[in-house]
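Coordinate inspection notes
Below are the chains, spelled out letter by letter.
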Amino acid sequence: MAAYINYLLLFFLFLSSVSLLMVAVESSLDFYVGGSRGWTVPVGNETESYNQWAIRNRFHVGDSLHFEYHNDSVLVVDRQNYGECNTADPLIEYDDGDTTFRFDRYGFFYFISGEPGHCEAGQRLIVRVMVHPAVANSPGPAPSQQPGGGSSDSGSDSEPGPRKSDATAIFAGFGAIMAGLGVVFLF
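Residues numbered from 1 in each chain as written. Predicted model: local features only at pLDDT ≥ 70, side-chain atom pairs only at ≥ 80, totals over all residues. Heavy atoms only, no water.

Identification of the protein as Early nodulin-like protein 1 from Canna indica is taken from an unreviewed UniProt entry.

If you want it as structure tokens, here you go:
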């Protein structure tokens, strides 16, 4: 009877762990730029700029920005073009009115409006995608050119090492826990 209870507990633990893993894998977030007003040129009565909004949030690899706009566009640019509000040489251009941009790396991403004068009026956004703290000090591959701001190693503005997926870290921890529990239940 004790062996049956041990197997039943192990099965319950396994099901619980799988459920937690599924939640963790689906933990990426969608952020709606501009909230209910969307991606628009600021008119002066907004309580915060796009960059103030971005500073209040924490973005990670796998998260997405959702832009809704009319008669406008979203340009992904490098740091220099962001600072100059230069719309002539975007890395990526969207003009479908309903754009979702998914972060595929850590570092800085720069967004501006493609309409003349909108960027200068404040319709621009810098997003810093964070490195997961558990792997911030692990060695990683050499930086590569990526859309949204050049190299993923942007000097003092980025953190060292790539961010491993949450699922990888959870699977590793789950395996260690299950191995330990297996040993406990066997004896």
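**Some details on the sheet that holds strand β2 (residues 59–60)**
Sheet architecture is open: five strands sit in the order β2-β8-β7-β4-β5, paired in mixed fashion. Across the chains shown, the open sheet's two edge strands, defined by having one partner strand only, are β2 and β5 (92–94). Where β2 lies against strand β8 (residues 124–130), two bridges are found, and the strand directions are parallel. Directly across from His60, in β8, lies its bridge partner Met130. (Pairing = 2+ DSSP bridges. Helix = DSSP H or I, 4+ residues; strand = E, 2+ residues; numbered from the N terminus.)

**Remarks on the pairing of strand β7 (residues 107–113)**
Extensive coverage of β7 is indicated by the burial of seven of its seven residues. Pairing of strand β4 (residues 74–77) with β7, which is carried by four bridges, proceeds in the antiparallel orientation. Note on β7: the bridge partner recorded for Val74 is Ser113. Summarising the sheet, β7 and β8 pair through six bridges and their orientation is antiparallel. Each bridged residue has a counterpart across the sheet, and for Gly107 the counterpart in β8 is Val129. (Buried < 20%, exposed > 50% of the residue type's maximum accessible area, 1.4 Å probe, protein only.)

**A few points about the state of the cysteines**
Each disulfide consists of a covalent bond between the sulfur atoms of two cysteine residues. Inspection of every chain in the model, using the stated rule, returns one disulfide. Each disulfide pairs two cysteine sulfurs, and for Cys85 the partner residue is Cys119, the sulfurs being separated by 2.1 Å. Measuring the twist about the S-S bond at about -70 degrees, one finds the Cys85-Cys119 disulfide to be left-handed. You can see Cys85 sitting in the loop between α3 (79–84) and β5 and its partner Cys119 sitting in the loop between β7 and β8, a full 34 residues away along the chain. Neither Cys85 nor Cys119 differs from the other in exposure class; each is buried. (Disulfide = S-S within 2.5 Å.)

**A look at a negative patch on the surface**
Residues Glu68, Glu93, Asp95, Asp96 and Asp98 make up a contiguous surface patch of negative charge. Tracing the backbone through its elements, the reader meets Glu93 in strand β5. (Patch = residues over 30% accessible without salt bridge, like charges linked within 9 Å, V, L, I, M, F, W, Y side chains within 5 Å. Areas by Shrake-Rupley, 256 points an atom, 1.4 Å probe, with all protein chains shown as cover. Salt bridge = Lys/Arg side-chain N within 4 Å of Asp/Glu carboxyl O. Lys, Arg positive; Asp, Glu negative; His and termini not counted. Charge placed at Lys NZ, Arg CZ, Asp CG, Glu CD.)

**Considerations on the sheet that holds strand β6 (residues 98–102)**
The strand order across the open sheet formed by three strands is β1-β3-β6, and the pairing between neighbours is mixed. Each edge of the open sheet is held by one strand with a lone partner, namely β1 (30–32) and β6. Within this sheet the neighbouring strands show an average axis-to-axis angle of 25 degrees, counted without direction. Strand direction decides the pairing type here: β1 and strand β3 (residues 64–68), joined by three bridges, are parallel. Directly across from Asp30, in β3, lies its bridge partner Ser64. (Axes fitted to C-alpha atoms, helices over the stretch in contact; angles between N-to-C directions.)

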